[in-house]
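Remarks on the overall topology
Spelled out from the first residue to the last, the chains are:
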Amino acid sequence: AFALSVVSEGAEDETELPVLQKSEKSRTISKIGRELKGIVFVIQSQSNSFHSKRAEDLKRDILKQAVDLGKELPTVLLIHQIDRHEGAWTILPLMTDFSVTYGRNTSWIFFCEEDTRIKVIKLLETLRRFDKSKEWFLGKPLYDEESTIIHHYAFAENPTVFKFPDFAAGWALSIPLVNKLAKKLKSEPLKSDFTIDLKHEIALYIWQKGEGPHLTPVPEFCTDVVNSYKADDCATTFSNFLPLCGEPVNKEDVFVAVKTCRKFHGDRIPVVKQTWEREAALIEYYSDYADISIPTIDLGIPNTDRGHCGKTFAILERFLNHTSPRTPWLVVVDDDTLISIFRLRKLLSCYDPNEPVFLGERYGYGLGTGGYSYITGGGGMVFSRTAVQKLLASKCRCYSMDAPDDMVLGMCFSGLGIPITHSPLFHQARPMDYPKDYLSHQIPVSFHKHWNIDPVKVYFTWLAPNTEESHNGKKVGYNREDL
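Residues numbered from 1 in each chain as written. Predicted model: local features only at pLDDT ≥ 70, side-chain atom pairs only at ≥ 80, totals over all residues. Heavy atoms only, no water.

On to the state of the cysteines, then. By definition, a disulfide links the sulfur atoms of two cysteine residues through a covalent bond. Summed over the entire model, instances satisfying the criterion amount to four disulfides. Between Cys245 and Cys350 runs a disulfide, and the two sulfur atoms are separated by 2.0 Å. Torsion about the S-S bond of the Cys245 and Cys350 cystine: about 90 degrees, corresponding to right-handed handedness. One end of the pair, Cys245, is in the loop between strand S11 (236-238) and strand S12 (254-259); the other, Cys350, is in the loop between helix H9 (341-348) and strand S17 (358-360), with 105 residues separating them in the sequence. Cys245 gets classed as partly exposed once you look at its relative accessible area, which sits at 39%. Note that Cys309 is cross-linked by a disulfide to Cys398, the S-S spacing being 2.2 Å. (Disulfide = S-S within 2.5 Å. Helix = DSSP H or I, 4+ residues; strand = E, 2+ residues; numbered from the N terminus. Buried < 20%, exposed > 50% of the residue type's maximum accessible area, 1.4 Å probe, protein only.)

Laid out in structure tokens, this is it:
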């Protein structure tokens, strides 16, 4: 009997311990499941086939991590599939829908870009530090070194005091804050006609002239590359400097159109010739005066002080009717645009020229009340031949010769149901107009404007091919402090 009792006690020990462990594990999985169900992931996706695939891949990765952690799955939304709003990408118009749909049963809305990489378990651990019943605006902070035109010279006395999130690292709003913003939007619709730098404008709206929450810095929201030693402590990382989807497109596949006028022939055109012209196999300069020394082509369109719609549409007609139909890409730039055609050829390897592609830096006009998105012209506008064909086959044209060409193009493509495609690598302003930390995870394609800078130095510091080619796509340590 004694022997039996000893055996039976030993048997109880061996069976009870695993049961306890299983029970603890079950509770942990259940807790993780509840936390996961409490997060809505919103990926800033685009409908272009290259971008939508990247966003779908990220969605699958998030859901796979969730499956590995337990049974409960979070909600993962793709912005381009939320088609009730032309301006869904500006996010604030979606707050009412988020509040109605998720306002009671979730804790966080987490926003990210298609190239953000997320460690879901680390993200859950990070969000646990914050009381989900309070108003939180979380992210990796950026700030302006000096006041800048793209932020309407906000906080001119000390622009470093205002922090706004780097979307590449991901950012989060607690549901109480989402509900508050939805309520505010009902009584105070968005006032600004233009959306220029979304991350700054969202932070300003949330801040509410000091009455709303400031951005809370979260060290685990990172833009270090995935395999970096710094990334070990990160809940998010960022995987993309400059996408490359195969061999760069051929030089002869890109036709470059430079918009200029007689008064800038002497100072701006020499900068183009000293810098990026040599990268272009096919390039023409369009002016109001034929100067054989450049040479420029007079399109018969007088120069205007405001917009250049007439000139741009004449360029589109010329591209379609007077260049080889085998040339799939057109780039239209200003005479004070600094661009890397070499990098653009890499970037274009990711896009299908048989799709109607209209690519560059996206701005918005009147998106709180309908409106449309457009590619801002100074950073460069890239068209597939297919997009030009569809545009010119339509009846959409300039309402006046001096209308803003980029906005008219945005309006036309919107009317045709052709979405524009955004790339953050195109820049409407100068390097000094962007936070250093924001540019640190980019290999930029373009900058714009020659104000108070040495444009040749800016080109060779930021855009010349040798700034990354000899380092396998990684940026080299040029001194950019004074630029």
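Moving on, we get to the nonpolar core. Counting residues in each nonpolar core, the largest one holds 85 residues, and the members touching the most others are Met95, Phe98, Leu173 and Leu344. Three or more residues apiece are contributed to this core by two domains, here domain 1 (33-238) and domain 2 (251-465). Not counting residues up to four positions away in its chain, the partners in contact with Leu344 are Val254, Val331, Ile339, Val382, Phe426 and Val445. Counting residues in hydrophobic clusters, the runner-up holds 26 residues, among them Leu36, Ile39, Ala66 and Ile118. (Core = buried A, V, L, I, M, F, W, Y, C linked by side-chain atoms within 4.5 Å. Domains from an automatic or database assignment. Contact = heavy atoms within 4.5 Å.)

Attention now moves to the pattern of salt bridges. This model, assessed by the stated rule, comprises 20 salt bridges. A salt bridge links Arg54 to Glu114, with the nearest nitrogen and oxygen atoms 3.7 Å apart. With Arg54 in helix H2 (residues 49-69) and Glu114 in the loop between strand S3 (108-113) and strand S4 (116-118), this pair connects stretches of sequence that are 60 residues apart. Since its relative accessible area comes to 21%, Arg54 is described here as partly exposed. Residue Glu317 is joined to Arg397 by a salt bridge in which the shortest nitrogen-to-oxygen separation is 3.9 Å. Residue Glu317 is located in helix H8 (residues 309-322), and its partner Arg397 is located in the loop between helix H10 (385-393) and helix H11 (405-415); the two are separated by 80 residues in the primary sequence. (Salt bridge = Lys/Arg side-chain N within 4 Å of Asp/Glu carboxyl O.)

Here the focus is H2. With 21 residues, H2 ought to run about 30 Å at 1.5 Å a step, and its terminal C-alpha atoms sit 30 Å apart, in line with that. Residues of H2 that are buried include every one of Phe50, His51, Ser52, Ala55, Leu58, Ile62 and Ala66, and no others. One side-chain oxygen at the N-terminal end of H2 lies 3.0 Å from the backbone nitrogen of Phe50; it belongs to Asn48. (Expected span 1.5 Å × (residues − 1). Polar contact = N/O pair within 3.5 Å; in protein donor to acceptor, adjacent residues only side chain to side chain.)

So, on to the environment of Val218. Locating Val218 in the fold gives a position in the loop between strand S10 (216-217) and S11. A sequence separation of 91 residues divides Val218 from Leu127, and the C-alpha atoms of the two residues are 9.5 Å apart. Those residues in contact with Val218, other than ones at most four positions away along the chain, are Thr126, Arg129, Phe130, Leu138 and Gly139.

What follows covers the pairing of strand S19 (residues 372-375). A regular strand carries its side chains on alternate faces of the sheet. Taking every second residue as pointing to the same face, both faces of S19 are buried, with Tyr372 and Tyr374 on one and Ser373 and Ile375 on the other. Across four bridges, the pairing between strand S18 (residues 362-365) and S19 is antiparallel. Across the sheet, residue Gly364 finds its bridge partner in S19, namely Ser373. Counting the residues between successive antiparallel strands, the hairpin from S18 to S19 contains six residues, one of them, Gly366, with a positive phi of roughly 60 degrees. (Pairing = 2+ DSSP bridges.)

Here the focus is the sheet that holds strand S9 (residues 194-195). The three strands are arranged S9-S18-S19 in an open sheet whose pairing can be described as antiparallel. Looking at strand neighbours, the two that pair on one side only are S9 and S19, the edges of this open sheet. Lying over the sheet, H11 contacts S9, S18 and S19, oriented at roughly 130 degrees with respect to S19. (Axes fitted to C-alpha atoms, helices over the stretch in contact; angles between N-to-C directions.)

Bringing the sheet that holds strand S21 (residues 421-422) into the picture now. In space, the seven strands of this open sheet follow the order S14-S13-S12-S15-S20-S17-S21, with mixed pairing throughout. Looking along the sheet, the strands with just one partner apiece sit at the ends: strand S14 (296-298) and S21. By the bridge criterion, two bridges tie S17 to strand S20 (residues 381-384) in an arrangement that is antiparallel. Each bridged residue has a counterpart across the sheet, and for Leu359 the counterpart in S20 is Val382. With respect to the sheet, H11 is in contact with S12, S17 and S20, its orientation differing from that of S20 by roughly 35 degrees.

Let's shift gears to the confidence of the model for the chain. On average, residues of the chain score 90 in pLDDT, and 90% of them are at 70 or above. pLDDT under 50 marks residues 1-17. Its contacts with residues more than four places away, or in other chains, come to zero contacts. Every residue in residues 468-478 is under pLDDT 50, and counting partners more than four places away or in other chains gives 23 contacts. (pLDDT = per-residue confidence, 0-100.)

This brings us to the packing of helix H3 (residues 95-102) against helix H5 (residues 175-187). Look at H3 against H5: their axes get within 8 Å of each other, and the N-to-C directions meet at 130 degrees. Here H3 is positioned oblique relative to H5, judged by the angle of their axes. In this structure, the crossing between H3 and H5 has a hand that is left-handed. Seen from H3, the contacting residues are Met95, Thr96, Phe98, Ser99 and Tyr102; seen from H5, they are Ile175, Val178, Asn179, Leu181, Ala182, Leu185 and Lys186. A class-by-class count of the residues in the contact of H3 with H5 yields eight nonpolar, three polar and one charged. (Parallel < 35°, antiparallel > 145°, perpendicular 65-115°, else oblique. Left-handed = near helix turned anticlockwise from the far one by under 90°. Nonpolar A, V, L, I, M, F, W, Y, C, P; charged D, E, K, R; others polar.)

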